[in-house]
Amino acid sequence: VEEWRDLAAAVVLGGDGAVLRAARLLSPRRVPLLAVNVGHLGFLTEVEHGELDAALGRLLAGQYAIEQRMMLTATVVRDGRAVWRLAGLNDAVITRGTFARIIRIQVRVTGQTVLDYAGDGIIVATPTGSTGYSLSAGGPIVHPHIESLLLTPICPHALATRSILARADEQVEVWVDASHTDIMLTVDGQVGYGLQIGDMVRVGRA
């Protein structure tokens, strides 16, 4: 948005969902966020709403530190061409539809196959996102300063399939195969894109 071009900082009022939306909108301009929790869940927020006046005073006085958080970019490649791309703060999730059968997932990191299984999908999360959906699916918590991509299978039909941590500078490629087309890619649980059989989703540092 043109009006945001000269922003020095942005105050985000809401819960974690508002922070995720603001991060996607403002990260291309590298605008720092002061997140104020006025919602129900404020895991990503820095201050509670009752502390806003004091926090703004410290912000205007220069009494603050900026914490860098890694983001990811998910790109859908179809027939060798990128057809959709979006950055996210938390995760990129590939899942089957509500009534569809399981899907086949193959994950390559820098060209090397690291996961190959049938299941409900896969979560590719940032360290920030490691405390979200990935944690619910059995993934570990990753310190936000350890830049990495966390690969967590969703309900894999295999006994030995576990989460894998890839370096932040590595390219993760997820290949999807199924007997149906009810497959969805979702970024930060807020923006979705329908996948087709044979699509490849490339995820890397934003």
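Our subject is the structure listed above.
Residues numbered from 1 in each chain as written. Predicted model: local features only at pLDDT ≥ 70, side-chain atom pairs only at ≥ 80, totals over all residues. Heavy atoms only, no water.

**Q** How do you make sense of unusual backbone geometry when you look at a structure like this?
**A** Both trends apply: most residues other than glycine have a negative phi, and most peptide bonds are in trans. Backbone geometry at Thr-110 places phi at a positive 50°, although glycine is not the residue there. Judged by its relative accessible area of 55%, Thr-110 falls in the exposed class. Located in the positive-phi region is Cys-155, a residue other than glycine, with phi close to 45°. Within the fold, Cys-155 resides in the loop between strand 10 (148–154) and strand 11 (164–167). According to the relative accessible area criterion, Cys-155 is partly exposed, its value standing at 48%. (Buried < 20%, exposed > 50% of the residue type's maximum accessible area, 1.4 Å probe, protein only. Helix = DSSP H or I, 4+ residues; strand = E, 2+ residues; numbered from the N terminus.)

**Q** I'm lost on the layout of surface pockets in this one. Help?
**A** Vacant regions in the atomic arrangement are exposed by a probe of water-molecule size rolled over the atoms. In this structure, the largest pocket occupies an estimated 1,200 Å³ of space. Forming the boundary of the largest pocket are 35 residues, of which Pro-32, Leu-33, Ile-66, Glu-67 and Arg-69 lie nearest the centre. Elements with a contribution of two residues or more to the lining of the largest pocket: helix 1 (16–26), strand 2 (33–37) and helix 2 (52–60). The element contributing the most residues to the lining of the largest pocket is helix 1, with 4 residues. Considered class by class, the residues forming the lining of the largest pocket number 23 nonpolar, 5 polar and 7 charged. (1 Å grid on protein atoms, 1.4 Å probe; cavity = no way out; pocket = protein on both sides within 12 Å on 5 of 7 lines; lining within 4 Å. Points joined across faces, edges and corners; volume = space filled by probe spheres on them. Nonpolar A, V, L, I, M, F, W, Y, C, P; charged D, E, K, R; others polar.)

**Q** Whenever I open this one, the sheet that holds strand 10 confuses me. Can you help?
**A** Backbone-to-backbone hydrogen bonds pair the strands of a sheet. The strands run either parallel or antiparallel. Within the open sheet, the 6 strands sit side by side as 11-10-9-6-13-14. Their pairing is antiparallel. The open sheet has two edge strands, strand 11 and strand 14 (191–195), and neither has a second partner. The average undirected angle you get between the axes of adjacent strands in this sheet is 20°. (Pairing = 2+ DSSP bridges. Axes fitted to C-alpha atoms, helices over the stretch in contact; angles between N-to-C directions.)

**Q** When you look at the side chain of Thr-152 in this model, what are you seeing that I'm missing?
**A** Residue position: Thr-152 is located in strand 10. Take Thr-152: its relative accessible area is 1%, and that puts it in the buried class. Within polar-contact distance, the side chain of Thr-152 engages the side chain of Ser-134 at 2.8 Å. Other than its neighbours up to four places away in sequence, Thr-152 contacts Ile-122, Ile-123, Ser-134, Ala-137, Gly-139 and Ser-163. (Polar contact = N/O pair within 3.5 Å; in protein donor to acceptor, adjacent residues only side chain to side chain. Contact = heavy atoms within 4.5 Å.)

**Q** I tried to follow the pattern of salt bridges on my own but got confused; where do I start?
**A** Pairs may arise between side chains of opposite charge once their charged atoms sit close together. Inspection of the entire model under this criterion finds 9 salt bridges. One connected set of salt bridges, linked through shared partners, spans Arg-167, Asp-169 and Glu-170. (Salt bridge = Lys/Arg side-chain N within 4 Å of Asp/Glu carboxyl O.)

**Q** What is the right way to look at the sheet that holds strand 2 in this model?
**A** An order of 1-2-3 is seen for the 3 strands of this open sheet, with the pairing classed as parallel. With one partner strand each, in any of the chains shown, strand 1 (10–14) and strand 3 (47–48) form the two edges of the open sheet. Pairing of strand 1 with strand 2 involves 5 bridges; the strand directions are parallel. In the sheet register, Val-11 faces strand 2, and the bridge partner there is Leu-34. Contacting strand 1 and strand 2, helix 1 crosses the sheet at an angle of about 150° to strand 1. Of the strands in this sheet, strand 1, strand 2 and strand 3 are in contact with helix 2, which crosses strand 2 at around 170°.

**Q** Which parts of the structure should I look at to understand the nonpolar core?
**A** The tendency in soluble globular proteins is for nonpolar side chains to be buried side by side. Of all hydrophobic cores here, the largest spans 30 residues; its most connected members are Ile-94, Ile-105, Ile-122, Val-172, Val-174, Leu-185 and Leu-195. Counting residues per element, this core draws most heavily on strand 7 (residues 103–109), which supplies 4 residues. Here Val-172 is in contact with Val-107, Arg-108, Val-109, Leu-149, Leu-151, Ala-166, Val-201, Arg-202 and Val-203, once residues within four sequence places are set aside. Within the second largest apolar cluster, 9 residues are counted, among which are Ala-18, Val-19, Ala-23 and Ala-35. (Core = buried A, V, L, I, M, F, W, Y, C linked by side-chain atoms within 4.5 Å.)

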